[in-house]
Protein chains: 2
Amino acid sequence: MLSDKILNADSIAIVGASKTVTKRGYQAIKILQEERYEGRIYGVNPKIDNVLGVKCYPKVSAIPEPVDLALITTPAKTLPGILEDCGQKGVAGAVIIAGGFGELGAEGKKLEAEMTKVARKYNIRLIGPNTSGMINMHKNLNLVGLRNAPKGGIALISQSGNMALTMITEAQIKTKVGFSYYVGVGNEADINFHEYLEFFENDPNTKAILMYVEGMRNGRKFLQRAYQTTRKKPIVLLKSGRSSTGKRSAGSHTGALAGMSEVARTAFSRAGIVVVEKSDEMLPCTEALANLPPIKNNNIAILADGGGHATIGADELTDLKVNIPEISEKTQKKLKDILPAAASTANPIDVAGGADDNPLVLAECARILLHDSNIGGVLVVGLFGGYSIRFSESLAYAEEDAAHHFGKLVRETGKPVIMHSLYNFAKPHSLDLLRYYGIPVFDSLELACKAVGALAEYGGYLRGYKSKAKFVFDMGAKAKARGREIMHTARSEGRTALLENEAKELISLHGGMICHDCLAQSPEQAVAMAAGFEEKVVMKIVSPDILHKSDAGGVRLNLKEPEEIRQAYRDIIDNARAYDPDAKIKGILVAPMVNEGLEVIIGTKNDDQFGPVIMFGIGGIMVEVLKDVVFRVLPISAYAARGMIDEIKSVQLLNGFRGQPPVDRKAIKRLLLTVSEIIGAYPEIQEMDFNPVIVYEEGLNVVDARIILKQP
Amino acid sequence: MLSDKILNADSIAIVGASKTVTKRGYQAIKILQEERYEGRIYGVNPKIDNVLGVKCYPKVSAIPEPVDLALITTPAKTLPGILEDCGQKGVAGAVIIAGGFGELGAEGKKLEAEMTKVARKYNIRLIGPNTSGMINMHKNLNLVGLRNAPKGGIALISQSGNMALTMITEAQIKTKVGFSYYVGVGNEADINFHEYLEFFENDPNTKAILMYVEGMRNGRKFLQRAYQTTRKKPIVLLKSGRSSTGKRSAGSHTGALAGMSEVARTAFSRAGIVVVEKSDEMLPCTEALANLPPIKNNNIAILADGGGHATIGADELTDLKVNIPEISEKTQKKLKDILPAAASTANPIDVAGGADDNPLVLAECARILLHDSNIGGVLVVGLFGGYSIRFSESLAYAEEDAAHHFGKLVRETGKPVIMHSLYNFAKPHSLDLLRYYGIPVFDSLELACKAVGALAEYGGYLRGYKSKAKFVFDMGAKAKARGREIMHTARSEGRTALLENEAKELISLHGGMICHDCLAQSPEQAVAMAAGFEEKVVMKIVSPDILHKSDAGGVRLNLKEPEEIRQAYRDIIDNARAYDPDAKIKGILVAPMVNEGLEVIIGTKNDDQFGPVIMFGIGGIMVEVLKDVVFRVLPISAYAARGMIDEIKSVQLLNGFRGQPPVDRKAIKRLLLTVSEIIGAYPEIQEMDFNPVIVYEEGLNVVDARIILKQP
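If you're wondering where the values come from, they're calculated on a predicted model, not measured in any experiment.

Rules behind the numbers
Residues numbered from 1 in each chain as written. Chains lettered and ligands numbered in written order. Predicted model: local features only at pLDDT ≥ 70, side-chain atom pairs only at ≥ 80, totals over all residues. Helix = DSSP H or I, 4+ residues; strand = E, 2+ residues; numbered from the N terminus. Buried ≥ 20, exposed ≤ 12 C-beta atoms within 10 Å, placed from the backbone. Contact = placed C-beta atoms within 7 Å. Pairing = 2+ DSSP bridges. Axes fitted to C-alpha atoms, helices over the stretch in contact; angles between N-to-C directions. Parallel < 35°, antiparallel > 145°, perpendicular 65-115°, else oblique. Nonpolar A, V, L, I, M, F, W, Y, C, P; charged D, E, K, R; others polar. Least-squares fit on C-alpha atoms with pLDDT ≥ 70 in both. Right-handed = clockwise from strand over helix to strand, strands pointing away. Arc of directions from axis to C-beta. Domains from an automatic or database assignment. pLDDT = per-residue confidence, 0-100. Left-handed = near helix turned anticlockwise from the far one by under 90°. Core = buried A, V, L, I, M, F, W, Y, C linked by C-beta atoms within 7 Å.

**As for the overall build of chain A**
Working step 1: Looking only at helices and strands, chain A has 24 helices and 29 strands in total.
Working step 2: Looking at chain A as a whole, 56% of its 712 residues are labelled buried.
Working step 3: Of all intrachain contacts in chain A linking residues separated by at least 6 positions in sequence, the fraction that spans at least 24 positions is 71%.

Dropping the structure here:
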């Protein structure tokens, strides 16, 4: 884990300290003084004696006392030398502001490599480069030019200084929440996202983590950490750079591997992260998750004092897949007892003016609803906080009373209340009271719904997290002796792919299907093997040098009679020799002809950021025209395998279509798990491609299987 | 068009005037006085003499001077009587606050019918019932309890009082825009949406129209009007009730036909309406459209002073289908001349600190960009307005100067500038200046992008509106004599469906395909007809009493030899007689067997709100599993027909798939236009179903065609 000396440094050296007011080396010292940093500050600049009374030294190693952290404000090219000096001094970490590294192409990458080499030599951990800095709010260690950031429980990790500024400004203006830390991750030259995450997971001041990400250097380690973190603390994440222009923009900006693959979103969700799509949603979701219990059963009641808001709220929550269940008759009766006849009590509940002269009625409705075990939380929409403005000033006190009731209800029931208020702008005391109890107040109905969605999503995750992904392979543990032998043979023959029969054998070994294919070495062997099948057979050349078997005339279909099998054997060999006289021929695969069934494809690839990833789709039009495929970061559980199958848009095809029987989903699931197991068992494998796989009412047939090995 | 006496009334009677402060009949008079309504006010209440000095009369007809409009605050059941009295007096319109009509089921509907009958008798136009009222801002005619609404150019039409309150509050707090009118449409018992629209289209105070809709009584008339209106003024519309719970909520609330069919969104867009999905987007889009020129070429430049905002903006605009074109080299050179070396100039443009000490640089960049003919507008994202807060107080004046430059640029170039500012909350004068020039300022980056999207969408519509929909049938104009004869025959035989041969003949008559099918009356005729085809033939029973031909043993395929044709004829007749001894048999259709091709389906239905609608989809899996179908309100132009084809998700199947040749799109387009023409030509038709239609490399074949007639 990251040393406390980095994010909780007790002493800091400002390298590039300056007397020029507009320079970072001046501003950095000024803000540390203003914010009353609890540690010691040293300036480093050979040309000056002090800045604002802070003594300056010619170099870091000249400072007589221990230095935990260096804030380096000088240009990129000075970094290797300065870090060398920091290393001599035993500095634990450095915050590197300068840009001009990885984000500026080859030259910059070289400089970055040089810099990190020095840092590794002395075990100096680097924040950045190309970062706006770091803030430890509770120690007043502010290494960014941001003033007046509110203190609180949110750790903010951002790859854009402006987005950090956005979040901090928004928190200040719109909420009572504040921050424990801000870290500008920059180019991730040394410290990666997952290390910050681990630190905040264990930080007692941090209740929730908010992230803005443009790209990650080590997505898998991040997932592995996030899976642990989200069991204890919620994470909200916005990933930008999803469009090609966005990717270009992010690339020129962070130098990270910008634009994550399409697997990112699902992977983050599987790790329990609440992924948002809009920057507007970042703080609202974080505020709700940091302060409120999550919704445990995905059921919400909408409590409204007007129809329009109720209708829009119902639409939004439906889009967010939160249930708005009809309220039980028993509970409806209790509501009807205190509401006017015109009220709707089914859900959304519309009090229809029933609270106009007494806003406490709303709190009473919430009490009734939250004590119904089927209701997981209440979203109040409309005018609360403004009854005193809209109807009568004297209602302000009743609204404040109601706010206390709402707040205590949350504590009493362990269920959340979320408030949308049209009168938020007027800053009534009642709404401030709600925030005191941790109830967030939104003037946007959509954002209020989004906060509900986040609470429901996180609650759902915690409910079932044991079946979720850890993203860890027990590498090699499930390898079979015969499987290792296949790998060994391929390696010893200098091959970078398994032969078709080897690939199929591997699938059989790991339980993905029963394979009847045989490898014949002579026409007579082929005839004998074919005699063992009821069906007609297909014959295919097996050669490490012939990848495209059909092109080489290496495939013959629909064979039955001994003479046609002998002839086919000879033809295939002749064709192969003609195609490539030097091709090594391992034999001819004899396999039963495939019956009609549903065509699916399964494959894996090695993602730059996440490592091994599995893909599933229904073959033909669905994959080729509609790109209807699903990805998961490997390994997968049975839960994830079922999830993949269910997520396919054309899933109905599996249920039987136009009179076809349903196909064997269990067999597909088994094959997906087999793929996951094989990837974990044999680290030699680079990627796999099973296309097509034919699935029947019972069982399946991997018709063609290609397994590519890593370059040795 | 609506009489001026209704929305611009010069005199108003408050029916149900009251001395009780909490009653609407008191508040209504109070607010009219406070807001200084320019017309005359009369109270109506037999029990009191005056309210706040306004004289009360026992009934409306007792008022000695003319009364334009009555605001009726009494309960639902009093309405028929009061309207009778209003009618005697010659009142032009009434605003009916009471609920308890159509939204409360059968009893309420009856009362509503009774009330509208009286209104029609005297030609009294009704706003509502179940409405929060109406405001004419420029006349201070405020019949709603809303105070302090800002005056301006937006006409607000809403089916929810709370949503009106939301919009008005938001305008007050966040913008400089205001309202010309507010109308609470309520249950639409009399005046429909399209009538308000026409009024606002012609109102000189109205620059843009903002609508919140839960359901519409007459969608087609609305579309016909909107098509006209949007040529002159932009319309922004949010339609809620898209989820089933939302529909239920809306239904209990407005009593309108809540929850529009899926055709609504496309239809609104074809009429030039900017449809938004979130209530947060309503005012931002309206503000931009009311104050700024639209984007003419769908191209925007993003001008940023930080990477994160640029990246998020690029993602958002890409989702909204706005182009972010790479800036020409020539223009990039001009930008580079005034920006630091680290700046990105490709688009997004990131000034990379180049404006930190001089915000005028941003305005200068905007000038360079807007003078590039390829750029249709500029979105500025980031810190503008806050340079004085973030960097140095003295920059406030430069920011104000820049604001004047931005504002004048819009006037000079006729292209919009949209501003996102993190410092909007601080209300700097520079941002107020922008608003003075009509440039909207958003603290949400996503909403700023949405406003850009609205300007681009409206600009695109105006550019091509001549090819867009008018939603008007020239009913009967394109009918053929033979077509009328077919209808006549069917009617005279008491049928509610055309026979298959009649349906196909109709399609041929209107140019949708060439039909070779023949109707045989005897085995020998069938043999002779079959001899005329190269292909084998299919034979099908033709009987008005047999809808499901296959079930009746009424279809035989793949026939060629005379004897098998004779036998098939006899078998089909026998089967039909056995199936239904009373069935009238018109003959047997002899048609060439269908070659292989791509299966599509085309149909029409009569939508409750929009009338005739056409549907197109690719048959089989695409329609049945993926529901991949496209709808358009009829009639359609060639432009719309092409749009339907292109919108199908599986459109790639039309281009040829797995070695198939591309299919004849023109033939599909022709058939779609034929359907549109037929629906317009023969008002007898209720709905049509062509399924399947087989499309070839050249031409197509409507294999089965069903045309259902309206009940006579």
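Anyway, onward from the coordinates.
**Considerations on the sheet that holds strand β19 (residues 441-442) of chain A**
Working step 1: Taken in spatial order, the five strands of this open sheet run β16-β15-β17-β18-β19 (chain A), and their pairing is parallel. Both edges of this open sheet fall to β16 (349-350) and β19 of chain A, since each of them pairs with a single strand only.

**A few points about the packing of helix α15 (residues 395-413) of chain B against helix α16 (residues 429-436) of chain B**
All names here are of chain B.
Working step 1: With their axes 8 Å apart at the nearest point, α15 and α16 run at an angle of 10° to one another. Taken together, α15 and α16 sit at an angle that is classed as roughly parallel. Contact residues: A396, E399, E400, A402, A403, H404, F406 and G407 in α15; H429, S430, L433, L434 and Y436 in α16.
Working step 2: The residue inventory of the contact of α15 with α16, partitioned by class, reads seven nonpolar, four polar and two charged.

**A few points about the relation of the copies chain A and chain B**
Working step 1: Relative to chain B, chain A is turned by 180° and slid 0.0 Å along the rotation axis, the superposed coordinates differing by an RMSD of 0.1 Å. Overall, the copies show the geometry of a two-fold rotation axis.
Working step 2: In this assembly, 100% of the residues forming the interface of chain A have copies in chain B that are likewise at the interface, indicating an isologous arrangement.

**Considerations on the sheet that holds strand β7 (residues 125-127) of chain B**
Residues and elements named next belong to chain B.
Working step 1: Ordered in space as β3-β4-β2-β1-β5-β6-β7, the seven strands form an open sheet in which the pairing is mixed. The strands lining the two open edges of the sheet, one partner per strand, are β3 (50-51) and β7.
Working step 2: Here strand β1 (residues 11-15) pairs with strand β2 (residues 40-44) via five bridges, running parallel. Counterpart to V15 in the pairing with β2 is V44.

**Observations regarding the pairing of strand β12 (residues 208-213) of chain B**
Residues and elements named next belong to chain B.
Working step 1: Burial analysis of β12 places six of its six residues in the buried class, the great majority of the element.
Working step 2: Because side chains alternate across β12, one face comprises the buried residues A208, L210 and Y212, and the other comprises I209, M211 and V213, equally buried.
Working step 3: Pairing of strand β10 (residues 151-158) with β12 involves five bridges; the strand directions are parallel. For I157, the partnering residue across the bridge sits in β12 and is M211.
Working step 4: Direction of pairing for β12 relative to strand β13 (residues 235-239): parallel, over a ladder of five bridges. Opposite M211, over in β13, you have L237 as the bridge partner.
Working step 5: A crossover connection joins β12 to the parallel β13 through helix α7 (residues 219-232); in handedness this β-α-β unit is right-handed.

**Remarks on the interface of chain A and chain B**
Working step 1: Contacts between the two partners involve 53 residues from chain A, matched on the other side by 53 residues from chain B.
Working step 2: Put simply, the parts of the chain that give the side of chain A that touches chain B at least two residues each are α5 (161-174), α8 (244-254), α11 (307-319) and α17 (445-464) of chain A.
Working step 3: If you tally residues by element for the side of chain A that touches chain B, the top one is α11 of chain A, at nine residues.
Working step 4: Looking at the side of chain A that touches chain B, its residues break down into 19 nonpolar, 27 polar and seven charged.

**Concerning helix α3 (residues 79-89) of chain B**
The α-helix winds at 3.6 residues per turn, so residues separated by three or four positions along the chain end up facing the same way.
All names here are of chain B.
Working step 1: Along α3, the positions that sit buried rather than exposed are L79, I82, L83 and C86. All buried residues of α3 fall inside an arc of 100° around its axis, so they share one side.
Working step 2: Here the buried face of α3 lies against β1, β5 (69-72), β6 (93-96) and α4 (106-122).

**A word on the environment of M167 of chain B**
Residues and elements named next belong to chain B.
Working step 1: Turning to its location among the elements, M167 is positioned in helix α5 (residues 161-174).
Working step 2: When the C-alpha atoms of M167 and A149 are compared, they prove to be 9.7 Å apart, with 18 residues separating the residues in sequence.
Working step 3: Beyond its immediate sequence surroundings of up to four residues, M167 is in contact with L156, L210, M282 and L283.

**What to know about the domain arrangement of chain A**
Working step 1: Taken as a whole, chain A is organised into domain 1 (1-131), domain 2 (148-291), domain 3 (293-467), domain 4 (516-592) and domain 5 (598-709).
Working step 2: Centre-to-centre, using C-alpha coordinates, domain 4 of chain A lies 27 Å away from domain 5 of chain A.

**Considering unusual backbone geometry**
Working step 1: In this chain, G128 of chain A is followed by P129 of chain A through a cis amide linkage whose omega measures 0°.
Working step 2: At K321 of chain B, a residue that is not glycine, the phi angle is positive and equals roughly 65°.
Working step 3: Note that K321 of chain B resides in the loop between α11 (307-319) and α12 (329-338).
Working step 4: Judged by C-beta crowding, with 11 C-beta atoms within 10 Å, K321 of chain B ranks as exposed.

**A short note on helix α20 (residues 523-531) of chain A**
Working step 1: What α20 of chain A keeps buried is the set A526, V527, M529 and A530 of chain A. One side of α20 of chain A holds all its buried residues, which, seen down the axis, span an arc of 165°.

**What about the confidence of the model for chain A?**
Residues and elements named next belong to chain A.
Working step 1: The pLDDT averaged across chain A works out to 93; a share of 98% of its residues lies at or above 70.
Working step 2: pLDDT under 50 marks residues 253-259. Its contacts with residues more than four places away, or in other chains, come to 37 contacts.
Working step 3: Interface confidence in the predicted complex, given as ipTM, is 0.91; pTM for the same model is 0.93.

**A few points about the packing of helix α13 (residues 360-370) of chain B against α15 of chain B**
All names here are of chain B.
Working step 1: Following both chains from N to C, one finds α13 and α15 inclined at 15°, their axes separated by 8 Å at the closest point. Between α13 and α15, the angle is such that the two are roughly parallel. At the point where α13 passes α15, the crossing takes the left-handed sense. The residues of α15 that touch α13, namely those facing L360, L362, A363, A366, R367 and L370, are A398, D401, A402, H405, F406, L409 and T413.
Working step 2: Split by residue class, the contact of α13 with α15 holds nine nonpolar, two polar and two charged.

**So, the nonpolar core**
Working step 1: Counting 490 residues, the largest nonpolar core has L303 and A366 of chain A together with L303 and A366 of chain B as the members making the most contacts within it.
Working step 2: Every residue in contact with A366 of chain A, bar those within four places of it in the chain, is listed here: L303, V378, V380, F406, L409 and V417 of chain A.

**Overview of the environment of I302 of chain A**
Residue and element names in this part refer to chain A.
Working step 1: If you trace the backbone, I302 turns up in strand β15 (residues 301-304).
Working step 2: The class for I302 is buried, based on 29 C-beta atoms found within 10 Å.
Working step 3: For the pair I302 and E316, spaced 14 residues apart in the sequence, the C-alpha separation amounts to 11 Å.
Working step 4: The contact partners of I302, leaving out residues within four places of it in the chain, are A310, G313, A314, I324, N347, P348, I349, L379 and V381.

**Digging into the environment of K139 of chain A**
Residue and element names in this part refer to chain A.
Working step 1: Here K139 is to be found in the loop between β8 (134-136) and β9 (141-142).
Working step 2: Taking the C-beta count within 10 Å as the criterion, K139 has 18 such neighbours and is therefore assigned partly exposed.
Working step 3: For K139 and Q567, which are 428 residues apart along the polypeptide, the C-alpha to C-alpha distance reads 84 Å.
Working step 4: When residues no more than four places from it in sequence are discounted, the contact partners of K139 are N8, Y37 and E38.

**Concerning the pairing of β2 of chain B**
All names here are of chain B.
Working step 1: For β2, a buried count of four out of five residues is recorded, marking the element as mostly surrounded by other parts of the structure.
Working step 2: Once the chain exits β1 it traverses helix α2 (residues 24-34) before rejoining the sheet at β2, and the crossover so formed is right-handed.
Working step 3: Sheet topology note: the β2/strand β4 (residues 54-57) ladder contains two bridges and is parallel. Bridging from a neighbouring strand, G43 pairs with C56 of β4.

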